[in-house]
Amino acid sequence: MAFAPSGLLQGQRFTVVGAAGFVGSRLCATLRARGAQVWAPARDESWPWHGPLGHVIYCAGLTADYLARPFDTVRAHVSHLAEVLQHGLQQGAIDSLVYLSSTRLYDALGDGLAQEDAVLPMAPANPRHLYDLSKGLGESLCHVAGQGRARVARLACVYEGPGDADGFLPALLRQVQAARGAGTGVVAVDSSPYFARDYVHVDDVIEALIRIALRGREPVYNLASGANVSNAELFAYLEQRSGCRIQALLDTVPGPVPTISIDRLGTELQWRPRPLFDVLDRILDTDPGAPISC
């Protein structure tokens, strides 16, 4: 989906924190391709607080290894954000700030519709909630100290394709690709068919982040597809497309997960993400001879 011709971002200044990461690197490439001026500070680089930062998009954070690196997690999610907000706003250097959080914060809500104004249950004694609490504190800083210029974007499971370094879906696509290439026909997956996730493509995420930075008015936005896809549905789809049989090694039945509401972004900013299987169809149809390649 195209937000605007690239020329309309000429003269716009963006600062991308966490530009070396999955979302940050692709965001920088898109912004530059559309003519924006982009500063992507390295992790320990000094900031020019007296100069304009423009629209700051804060992509820094930890996901899979947050428990192994608790201090780095808090620094990325909270401490560095506090420095950016405090000094950037004091100097009038920030036009807007978008803080990337996660729809993981809704997990404990159970079944139902997760909207941006939901009350989020968090338990400090639960190790998993180190992630939730640190993201929640980052969100709170944006609300309390953002002077109306800071907004929160809660991201679901972001993917691009089998080349992604992390994530269940890219790893599964690579497994199917390898099995098909080797002619084995069977893929053993260390997961349960009952797990379900909301998948949103990175291109749609980047489009939404740009819209929020330039035109957003609400304090929090959900960036998701708005539909959960179970592993069982995903396995059946890939079996049909690849001819491989997918064998789940677990039969765990997790608790219910909420459906993420995306009405706010759709209504305010006319954002419509593509469903997972539509994107996979496009990827697989691009090269029928190698159906699991980008």
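## Details of the confidence of the model for the chain
Line of reasoning, step 1. When pLDDT is averaged across the chain, the result is 92; 95% of the residues are at 70 or more.
Line of reasoning, step 2. Within the model, the stretch residues 287–294 combines pLDDT values under 50 with 17 contacts to residues more than four positions away or in other chains.

## Details of the packing of aromatic side chains
Line of reasoning, step 1. Tallying each qualifying case throughout the model produces six aromatic pairs.
Line of reasoning, step 2. Judged by centre distance (5.1 Å) and plane angle (75°), the rings of W39 and W47 are edge-to-face.
Line of reasoning, step 3. Given the relative accessible area of 23%, W39 is considered partly exposed.
Line of reasoning, step 4. Accessibility expressed as a relative area gives 11% for W47, which makes it buried.
Line of reasoning, step 5. Residues Y66 and Y131 carry aromatic rings whose centres are separated by 5.3 Å and whose planes lie at 55° to one another, so their mutual orientation is tilted.

## Brief notes about the sheet that holds strand β6 (residues 150–155)
Note: strands within a sheet are paired through backbone hydrogen bonds, in either parallel or antiparallel orientation.
Line of reasoning, step 1. One open sheet accounts for six strands, arranged β2-β1-β3-β4-β6-β11; its pairing is parallel. At either margin of the open sheet sits one strand with a lone partner, and together these are β2 (37–39) and β11 (220–223). Adjacent strand axes in the sheet meet at a mean angle of 20°, parallel and antiparallel pairs treated alike.
Line of reasoning, step 2. With six bridges joining them, strand β4 (residues 94–102) and β6 adopt parallel strand pairing. Following the sheet pairing, L100 is matched in β6 by A153.
Line of reasoning, step 3. Strands β1 (13–17), β3 (54–58), β4 and β6 of the sheet are contacted by helix α2 (residues 70–90), whose axis makes an angle of about 170° with β4.

What counts and what doesn't
In every chain, residue numbers begin from 1 and rise along the written sequence. This being a predicted model, a pLDDT of at least 70 is required before a residue's local features are given, and a value of 80 or more before pairs of side-chain atoms are given or counted; all residues contribute to the totals for chains, interfaces and linings. Remark: hydrogens and water are excluded; side-chain values derive from all non-hydrogen atoms of the structure. The quantity known as pLDDT measures the predictor's confidence residue by residue, on a range of 0 to 100. The contact criterion used is simple: two residues touch if any of their non-hydrogen atoms lie within 4.5 Å. Paired rings are identified among Phe, Tyr and Trp, the last through its six-membered ring, by centres lying within 6.5 Å, and are further divided according to the angle between planes into stacked (under 30 degrees), edge-to-face (over 60) and tilted (the rest). Burial classification: accessible surface area is computed with a 1.4 Å probe over protein chains only, and a residue below 20% of its type maximum counts as buried, one above 50% as exposed, and the rest as partly exposed. Strands were regarded as paired on the criterion that DSSP finds at least two bridges between them. The numbering of helices and of strands both runs from the N terminus, where a helix is a DSSP run of H or I of at least 4 residues and a strand a run of E of at least 2. To get an axis, a line is fitted to the C-alpha atoms, and for a helix only the part in contact is used. The angle between two axes follows their N-to-C directions and goes from 0 to 180 degrees.

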